[in-house]
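Per-entry structural report
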Amino acid sequence: MKLNNVDFDTYFKNYPDENGYFGKYGGAYIPDDLKKAMQEITEAYFTICKSRRFISELRRIRKEFQGRPTPISYLERLSGSLGNVQLYVKREDLNHTGAHKLNHCMGEALLAKYMGKKKVIAETGAGQHGVALATAAAYFGLECDIYMGSVDIKKQAPNVARMKILGANVVEVTHGLATLKEAVDAAFEAYAREYKDSIYCIGSVLGPHPFPMMVRDFQSVVGIEAREQFVEMTGELPDAIVACVGGGSNAAGFFSGFLNDPVDIYGIEPLGRGPKLGDHAASLKYGTEGIMHGFNSIMLKDENGDPAPVYSVASGLDYPSSGPEHAFLRDLGRVKYDVVNDDDTIDAFFTLSRMEGIIPAIESSHAVAYGIKLAKTMGKGSVLINLSGRGDKDMDYIIEKYGIR
Ligand SMILES: *Cc1c(COP(=O)(O)O)cnc(C)c1O
């Protein structure tokens, strides 16, 4: 398939280019000492990821530790209640630790081990990336420093406990607003000091090259499995696929399996309380081109051009930008990016729980809500939704804020 001079037959050979660009998006906008560290990771990745030992080790881990392949489930009762469109979900909620994040954390930690590093470093906001990375570090016997703002440490007590039980060192960041932004800065500073013995593990298809590419590649197992399983189940491809987009890792991996197919692809951003700046985190819909956190993409900016405050009911989606590949696929017109607000998300959360016995993460509920909307408008056909994670982590919040419906 060809679109605006981009040939999807050879897409993965050409994107990103050697400097980490997807068209004009991506790159590595970082100080020189960090550039050196990123180059080391890039070179190691290109060498190691093609080695048979690395590939077979990662395959074995995916099967024996993570519990892959995760299944696809047909949503029979929900589909029946909506009409003639058949809805399916790819069950990343059944991946070990309950979400897709472990797919790239295991890859990153395995890379660290092959590079002879002793430690992995990262920041975390809601704690999901911290828990996944702490899990990977425990598996490989690596040290793990997770930087986290004091405000988030208070808010996310269960995830802080998980990280500590898994043996990670949770480093409290107290300056400024003491949330994710300060934690990112502190983690980058620590990495600049410690890069000889450690690697920085980014939690999505974000940050400087090679992370948007590497995290996508580690997540592509979701798309590869999903395509094969769907064809085996139904004898054909889905008409449409849907995933939620925060930084964009679950979407990037899932979409990668279908880019060259006649399949409509939808990436769903959180509209939160509405389209006013500060009330949502829909960067691809309302943002403009700009550089932040080491890469060029589409971002939401405040009046000074800095990353704007964002909001979503799903803490995993409240990031003021999205990965550079998503900005590229948007401009090409290969993926359609749309939004779902908090209210429709919570409705979908309860609907999937009640009708199918699957409690989805609030992040994933955005994709479910859009799948339901497509089912009502398409009339016929099939929709495959990536269920990026399970909702156990959201129980307390849902009960407190919404009660039992
Ligand atoms: C972190 C998270 C997301 C958002 O991250 P992406 O990089 O956009 O995939 C989505 N769903 C779940 C369950 C998460 O934990």
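Look up: the structure comes first, before these words.
Overview of the structure. (Residues numbered from 1 in each chain as written. Predicted model: local features only at pLDDT ≥ 70, side-chain atom pairs only at ≥ 80, totals over all residues. Heavy atoms only, no water.)

Thoughts on the sheet that holds strand β10 (residues 198–200)
Taken together, 4 strands build an open sheet; the order of strands is β9-β8-β7-β10 and the sheet is parallel. Each edge of the open sheet is held by one strand with a lone partner, namely β9 (169–173) and β10. Averaged over all pairs of adjacent strands, the angle between their axes in this sheet comes to 20°, without regard to strand direction. Relative to β9, strand β8 (residues 143–149) is paired through 5 bridges, and the arrangement is parallel. Bridge pairing links D145 to N169 in β9. Across the sheet, helix α9 (residues 180–194) touches β7 (119–123), β8, β9 and β10, and the angle it forms with β7 is around 155°. (Pairing = 2+ DSSP bridges. Helix = DSSP H or I, 4+ residues; strand = E, 2+ residues; numbered from the N terminus. Axes fitted to C-alpha atoms, helices over the stretch in contact; angles between N-to-C directions. Contact = heavy atoms within 4.5 Å.)

What about the packing of helix α14 (residues 342–356) against helix α16 (residues 395–402)?
Axis separation between α14 and α16 bottoms out at 13 Å; the angle between their running directions is 115°. Judged by the twist between their axes, the crossing of α14 over α16 is left-handed. Taking contact as the criterion, the partners of I346, F349 and F350 in α14 are, on α16, M395, I398 and Y402. For the contact of α14 with α16, the class distribution of residues is 6 nonpolar, no polar and no charged. (Left-handed = near helix turned anticlockwise from the far one by under 90°. Nonpolar A, V, L, I, M, F, W, Y, C, P; charged D, E, K, R; others polar.)

Quick look at helix α11 (residues 249–256)
With 8 of its 8 residues buried, α11 lies for the most part within the structure. Turning to α11, its buried residues are S249, N250, A251, A252, G253, F254, F255 and S256. (Buried < 20%, exposed > 50% of the residue type's maximum accessible area, 1.4 Å probe, protein only.)

Comments concerning the pairing of strand β14 (residues 295–299)
Sheet faces and side chains relate simply in a regular strand, where the side chains alternate between the two faces. Within β14, 5 of the 5 residues are buried, which leaves it mostly tucked inside the rest of the structure. Pairing of strand β13 (residues 288–292) with β14 involves 5 bridges; the strand directions are antiparallel. Bridge assignment links T288 to a residue of β14, and that residue is M299. Between β13 and β14, which pair antiparallel and follow one another directly, the connecting turn spans 2 residues, one of which, H293, has a positive phi of 45°.

Some words on the site of the ligand
For the ligand, the set of nearby residues contains 16 residues, the closest of which are K101, S204, G248, S249 and S388. Note that an oxygen atom of the ligand is positioned 3.2 Å from one of the backbone N or O atoms of G247. A distance of 2.8 Å is found between an oxygen atom of the ligand and a side-chain nitrogen or oxygen belonging to N250. For the ligand, the accessible surface in isolation is 390 Å², of which the surrounding protein chains cover 97%. When grouped by side-chain class, the residues that make up the shell around the ligand number 4 nonpolar, 10 polar and 2 charged. (Near = heavy atom within 4 Å. Polar contact = N/O pair within 3.5 Å; in protein donor to acceptor, adjacent residues only side chain to side chain. Areas by Shrake-Rupley, 256 points an atom, 1.4 Å probe, with all protein chains shown as cover.)

What to know about the sheet that holds strand β16 (residues 381–387)
On the basis of which strands lie adjacent, the open sheet formed by 6 strands has the order β5-β6-β16-β11-β12-β15 and mixed pairing. Two strands bound the open sheet, and with one partner strand each, they are β5 (72–74) and β15 (335–341). Pairwise comparison of adjacent strand axes, ignoring direction, gives a mean angle of 25° for this sheet. Note that strand β12 (residues 264–272) and β15 share 7 bridges and pair parallel. In the sheet register, G272 faces β15, and the bridge partner there is N341. Along the sheet face, α14 touches β5, β12, β15 and β16 and points at about 90° away from the line of β15.

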